[in-house]
Amino acid sequence: KSKSNDKLQKFEKFLSEYGKKLGVKNMLMIRVMYNLLGLYGRQPGYTQQEMKEADWRRKIQLCEEILNVLKVLEPGMTARKGRILFEMYLPIAMVAQLMEGRKNKVE
């Protein structure tokens, strides 16, 4: 197991353990989510080629949760929101492609 995988798992564990206590809008939680965005799709074991649909969906979920908080903290369009939207583009495209592939297999 690589150190980056350990880091990703530790961040996910932190979110699951403290999410109920701190709440999803807590800035510490948002910071951890933001760090996770950088790990999904870039770290060994979670590179774009290795990610499964659940990983792509998790990245989309993280982006949405961060954006919901930023809508309140930073009204209007900001560079930070733009970066999150950019991070969300590929996961949405990948999930759509996987869904289309399943649909074509059924037909």
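What counts and what doesn't
- Residues numbered from 1 in each chain as written.
- Predicted model: local features only at pLDDT ≥ 70, side-chain atom pairs only at ≥ 80, totals over all residues.
- Heavy atoms only, no water.
- Phe/Tyr/Trp six-rings, centres within 6.5 Å; stacked < 30°, edge-to-face > 60°.
- Helix = DSSP H or I, 4+ residues; strand = E, 2+ residues; numbered from the N terminus.
- Buried < 20%, exposed > 50% of the residue type's maximum accessible area, 1.4 Å probe, protein only.
- Salt bridge = Lys/Arg side-chain N within 4 Å of Asp/Glu carboxyl O.

Here the focus is the packing of aromatic side chains. For any pair of aromatic rings, the description rests on two quantities: the centre-to-centre distance and the angle between the ring planes. By the definition in use, this model includes two aromatic pairs. A ring pair is formed by Phe 14 and Tyr 18, whose centres lie 4.7 Å apart and whose planes are at 35°; its orientation type is tilted. Residue Phe 14 and its partner Tyr 18 are located together in helix α1 (residues 3-22), separated by four residues, close to a single helical turn. The class for Tyr 18 is partly exposed, based on a relative accessible area of 34%. Consider the rings of Tyr 40 and Tyr 46, whose centres lie 5.5 Å apart with planes at 85°: the pair is edge-to-face. One exposure class covers both Tyr 40 and Tyr 46, and it is buried.

Scanning all chains against the criterion turns up seven salt bridges. As a salt-bridge pair, Glu 17 and Lys 13 come within 3.7 Å of each other at their nearest N and O atoms. Residue Glu 17 and its partner Lys 13 are both found in helix α1; the two are separated by four residues, about one turn of the helix. Taking relative accessible area as the criterion, Glu 17 reaches 38% and is therefore assigned partly exposed. Owing to a relative accessible area of 51%, Lys 13 belongs among the exposed residues under this scheme. Between Arg 42 and Glu 87 there is a salt bridge whose closest N-O contact spans 2.6 Å. Note that Arg 42 is positioned in the loop between α2 (27-39) and α3 (53-73) and Glu 87 in helix α4 (residues 79-106), a separation of 45 residues in sequence. Residue classification places Arg 42 among the partly exposed positions, given a relative accessible area of 46%. With relative accessibility at 15%, the residue Glu 87 sits in the buried group. A single network of salt bridges, built from pairs that share partners, joins Arg 42, Lys 59 and Glu 87.

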